[in-house]
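Listed below are the residues making up each chain.
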Amino acid sequence: NINRQVIFLPEEFGLGGAATKLGADNDYRASLNLALPVFSNFNHVNKKIAETRLSYQHEVGRDTKQKVVNATKKAYFNYLVAQEMVKVQQTQLENAEQILEDIEIRIRQGTLTDYDFTTAKVQVTQAKNSLLEAQNTILPLANNLKLLLGLKKEDILKLTEPIELLEDELALED
């Protein structure tokens, strides 16, 4: 035997707080309600978020690749410029020494003063200092380029071709 369901109502309902039986004897009812969404906007939104994150990760990877390429090009250019600066400073030193020799000859001939000789010596000294500064910049720039290329410090760099810049890579700073 299955007893009938009972519900207790408060005294405010006017039934005196007694138990009220519901239904009929030997009667039992149950229900089951299942729901499966055919379309869920929440899942659609999550899919869009995942696609956006994937796209973002691809852009981050592309950005990193561009930064490495740009840093390598910049290091290459800096190293090329430093090599050219050493050549220019060597030429300047040779010119200053040649001028000093010419001035020494003219001083022996009596056509120039000691002031001109002293000025020429100062120019030779300045040219030597400029050459040393240019030579000192090559080693750090070479090490930076080796680091970016994954080479060892002991490896010797031999740059054979100038690197080309695309037109959109050129930028003027304000």
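To be clear, the structure that these remarks concern was listed above.
(A) The arrangement of the overall build of the chain in detail. From N to C terminus, the chain includes 2 helices and 2 strands. Mapped from its N terminus to its C terminus, the chain presents α and β elements in the order β-β-α-α. Partitioning the intrachain contacts of the chain with sequence separation of at least 6 by distance along the chain shows that 57% fall at a separation of at least 24. Total accessible area on the chain stands at roughly 15000 Å², and carbon and sulfur atoms take up 55% of it.

(B) Highlighting the packing of helix 1 (residues 41–109) against helix 2 (residues 114–149). Between helix 1 and helix 2, whose axes approach to 8 Å, the crossing angle comes to 165°. When the axes of helix 1 and helix 2 are compared, the pair comes out roughly antiparallel. Note on packing geometry: the crossing formed by helix 1 with helix 2 is left-handed. In the contact of helix 1 with helix 2, the residues fall into 24 nonpolar, 11 polar and 6 charged.

(C) Spatial organisation of the pattern of salt bridges. Summed over all chains, the structure comprises 3 salt bridges. Of the charged contacts, one joins D63 and K67 as a salt bridge, the two residues approaching to 3.2 Å between their closest N and O atoms. Here D63 and its partner K67 are both found in helix 1, 4 residues apart, which amounts to about one turn of the helix.

(D) The arrangement of the side chain of T72 in detail. Of note, T72 is situated in helix 1. A polar contact is formed between the side chain of T72 and the backbone oxygen of V68, at a distance of 2.7 Å. Aside from chain neighbours lying at most four places away, what touches T72 is L145, L148 and L149.

(E) Local environment of helix 2. Taking 1.5 Å per residue as the helical rise, helix 2 with its 36 residues ought to reach 52 Å, and the 53 Å between its terminal C-alpha atoms agrees with that figure. Within the sequence span of helix 2, burial applies to A120, V124, A127, L131, A134, I138, A142, L145 and K146. Remark: G150 follows helix 2 within two positions and exhibits a positive phi of approximately 80°.

(F) Representation of the nonpolar core in the model. Judged by nonpolar contacts, the single largest core of 18 residues is most densely connected at Y79, V86, L93, V124, I138, L145 and L157. Top element by residues in this core is helix 1. It accounts for 9 residues. When near neighbours in sequence (up to four residues on either side) are disregarded, L157 contacts Y79, A142, L145, K146 and L151.

(G) Main features of the side chain of Q89. Mapped onto the elements of the fold, Q89 is located in helix 1. Using a relative accessible area of 9% as the deciding quantity, one classes Q89 as buried. Ignoring any residue separated from it by four or fewer positions in sequence, one finds Q89 in contact with A127, S130, L131 and A134.

(H) Layout of helix 1. For helix 1, which comprises 69 residues, the first-to-last C-alpha distance of 100 Å matches the rise-based estimate of 102 Å (1.5 Å per residue) to within 8%. Every buried residue belonging to helix 1 is among T72, K73, A75, Y76, Y79, A82, V86, Q89, L93, A96, L100 and I103, and all of these are buried. Structurally, helix 1 contributes buried residues whose contacts are with helix 2. Backbone geometry just downstream of helix 1 places G110 in the positive-phi region, at approximately 90°.

(I) Inspection of a negative patch on the surface at higher detail. Negative charge collects at one region of the surface, where E94, E97, E101 and D102 lie side by side. Looking at the element boundaries, E101 is found in helix 1. Relative accessible area serves as the criterion here: at 43%, E101 is assigned to the partly exposed category.

(J) Main features of the environment of T52. Tracing the backbone through its elements, the reader meets T52 in helix 1. For T52, a relative accessible area of 52% corresponds to the exposed category. In this structure the side chain of T52 is engaged in a polar contact, spanning 2.8 Å, whose partner is the backbone oxygen of K48.

Reading the values: the criteria
In this numbering scheme, every chain counts its residues from 1 along its sequence in written order. Thresholds applied to this predicted model are a pLDDT of at least 70 for local features of residues and 80 or more for the giving and counting of side-chain atom pairs; totals over whole chains, interfaces and linings are not thresholded and use all residues. The side-chain numbers reported here are obtained from all heavy atoms of the structure, hydrogens and water having been left aside. Strands are runs of DSSP state E lasting at least 2 residues, helices are runs of H or I lasting at least 4, and numbering of each runs from the N terminus. By definition in these notes, contact holds between two residues if any of their heavy atoms fall within 4.5 Å. Only the protein chains shown count as cover for residues, with accessible areas throughout obtained via the Shrake-Rupley method and a probe of 1.4 Å. Only C-alpha atoms enter the line fits that serve as axes; for helices the fit covers just the stretch in contact. Angles between N-to-C directions range over 0 to 180 degrees. For classification purposes, an angle smaller than 35 degrees is called roughly parallel, one larger than 145 roughly antiparallel, one from 65 to 115 roughly perpendicular, and anything else oblique. Crossings are classed by handedness, with left-handed meaning an anticlockwise turn of the near helix from the far one by less than a right angle and right-handed meaning a clockwise turn. Just so you know the grouping, Ala, Val, Leu, Ile, Met, Phe, Trp, Tyr, Cys and Pro go in nonpolar, Asp, Glu, Lys and Arg go in charged, and all remaining residues, Gly too, go in polar. The term salt bridge refers to a side-chain nitrogen of Lys or Arg lying within 4 Å of a carboxyl oxygen of Asp or Glu. Distance and chemistry together define a polar contact, namely a pair of N or O atoms within 3.5 Å, with one atom able to donate a hydrogen and the other to accept it when in protein, and with adjacent residues in sequence counting only for side-chain atoms on both sides. Here a helix's expected span is defined as the number of its residues, less one, multiplied by 1.5 Å. Residue exposure (1.4 Å probe, protein chains only): buried if accessible area is under 20% of the type maximum, exposed if over 50%, otherwise partly exposed. Throughout, nonpolar core names a set of buried Ala, Val, Leu, Ile, Met, Phe, Trp, Tyr and Cys residues whose side chains join them through atoms within 4.5 Å. Residues qualify for a patch when their relative accessible area is over 30% and they have no salt bridge, like charges being joined within 9 Å and the nonpolar side chains of Val, Leu, Ile, Met, Phe, Trp and Tyr within 5 Å. In this tally, Asp and Glu contribute negative charge and Lys and Arg positive charge; neither His nor the terminal groups of the chain are included. Every charge is mapped onto a representative atom, which is NZ of Lys, CZ of Arg, CG of Asp or CD of Glu.

Any link to function would need more than the numbers given here.
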